[in-house]
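Analysis of the macromolecular model
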Amino acid sequence: MFEIPFLLILIVLVALVFDFTNGAHDCANAIATVVSTKVVTPRFAVGMAAALNLAGALLGTEVAKTLGAGLVLPEVVQGSHILVLAALLGAIFWNCLTWYFGIPSSSSHALIGGLVGAALAHAGPEALNFSGIVNKVLLPLVLSPLAGFGMGFLIMWLIYWLFARVMRSKVNRIFRKMQLVSAAFMATSHGLNDAQKTMGIITLALFIFGEIDEVAVPLWVKLACALAMAAGTAIGGWKIVKTMGHRIFKLEPVHGFAAETSAALVISGASVLGAPVSTTHTISACIFGVGSTKRLSAVRWTVAGQLVTAWVLTLPAAATVGFCSYWLLHLIWN
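Residues numbered from 1 in each chain as written. Predicted model: local features only at pLDDT ≥ 70, side-chain atom pairs only at ≥ 80, totals over all residues. Heavy atoms only, no water.

An unreviewed UniProt entry annotates the chain as Probable low-affinity inorganic phosphate transporter of Desulfovibrio piger. Under the UniProt heading Subcellular location (unreviewed entry), the entry covering the chain gives this text: "Membrane". (UniProt positions renumbered as here; feature names shortened; annotations may be inferred.)

If you want it as structure tokens, here you go:
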């Protein structure tokens, strides 16, 4: 129906739209705590997050390689020109749905689910790299929230121990300034992990179309994805900011510092290992970990149940839409 070059252009544009929605959806991950504790204005926080998401996106490609060649087998899906487009439609649908309802679900797992669903529709289970899915998706799906909760609890406990004899008002004055550093660290780590996912998807599309000989991320792909995510971050996701910053438990600057620092450490470590973890899962778990040091009743555990439900549904829901999108596109293009 359409020439292949047009389809490839369309896929790249849709991928950048996904990256834009990712920035808008996950903007809250970097700025929710610093906004809710009123350390900076929302406008300043969004601008800072956009700039540092841009910087973080240019710092590595390990996660991009995982998305491009670590979850589906390139030699099996090569030539399936609609596969990446179907994957993106599944991810965008879930991102928009959860954004509308203010649910901090995972854009990462929406993209992974869409890719897996489209690959299954194309060639069945033989298209999937099961070891990559287990090691790079399913294990981090479980371990990153646990690591976030533990890291948040540990850092907050250390702060309590170090500042036990310091007046609470003075502690919060200190950490109002420190939270700017932790928010910057979180925004950079978010760009380092999340923007790379779209880089990997576009690189896979270029390989499928025969435009590149191996799944290696071109410079123009890095720049385009970094800019798209920064633009989405500049729009912001204020419903999710409200959920992350207010509904879990009442944050003070010291809590925001602990949550952002612990999340950034976990996400940066995962990025170095090439694991496309959910920044949403991680920062949410860190906030729960930080809140638990205060007292268990200080945390609204009903919100935790809602978040876990969204996390569990994301992969299969996006995979289902990706699977259906593949067959719909197959009918249109054939």
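Here the narrative resumes.
Next up on the list: the pattern of salt bridges. Tallied over the entire structure, the rule returns 2 salt bridges. Measuring nitrogen to oxygen at the nearest pair gives 2.6 Å for the salt bridge that ties K197 to D194. Taken together, the residues span about one helical turn, with K197 and D194 both in helix α8 (residues 168–208) at a distance of 3 residues. Residue K197 is classed as buried on the basis of its relative accessible area, which comes to 1%. (Salt bridge = Lys/Arg side-chain N within 4 Å of Asp/Glu carboxyl O. Helix = DSSP H or I, 4+ residues; strand = E, 2+ residues; numbered from the N terminus. Buried < 20%, exposed > 50% of the residue type's maximum accessible area, 1.4 Å probe, protein only.)

Below, the discussion takes up the side chain of N53. With respect to the element layout, N53 can be found in helix α2 (residues 42–57). Of the polar contacts made by the side chain of N53, one reaches the backbone nitrogen of G191; its length is 3.0 Å. Once residues lying within four places of it in the same chain are set aside, the contact partners of N53 are A187, H190, G191, M229 and T233. (Polar contact = N/O pair within 3.5 Å; in protein donor to acceptor, adjacent residues only side chain to side chain. Contact = heavy atoms within 4.5 Å.)

The next subject is the packing of aromatic side chains. Here the structure, examined in full by the defined rule, presents 3 aromatic pairs. An angle of 55° between the planes, with centres 5.0 Å apart, marks the rings of F175 and F257 as tilted. Taken together, the residues span a long stretch of sequence, with F175 in helix α8 and F257 in helix α11 (residues 253–273) at a distance of 82 residues. We note that F175, like F257, is buried. Residues Y326 and W327 carry aromatic rings whose centres are separated by 5.7 Å and whose planes lie at 90° to one another, so their mutual orientation is edge-to-face. Its relative accessible area of 6% is what places Y326 among the buried residues. A relative accessible area of 40% places W327 in the partly exposed class. (Phe/Tyr/Trp six-rings, centres within 6.5 Å; stacked < 30°, edge-to-face > 60°.)

Moving on to the environment of V221. Considering the arrangement of structural elements, one finds V221 in helix α9 (residues 219–235). With 18 residues separating them along the chain, V221 and T203 place their C-alpha atoms 7.6 Å apart. Discounting residues that sit within four places of it in the chain, V221 has contacts with M199, I202, T203 and L206.

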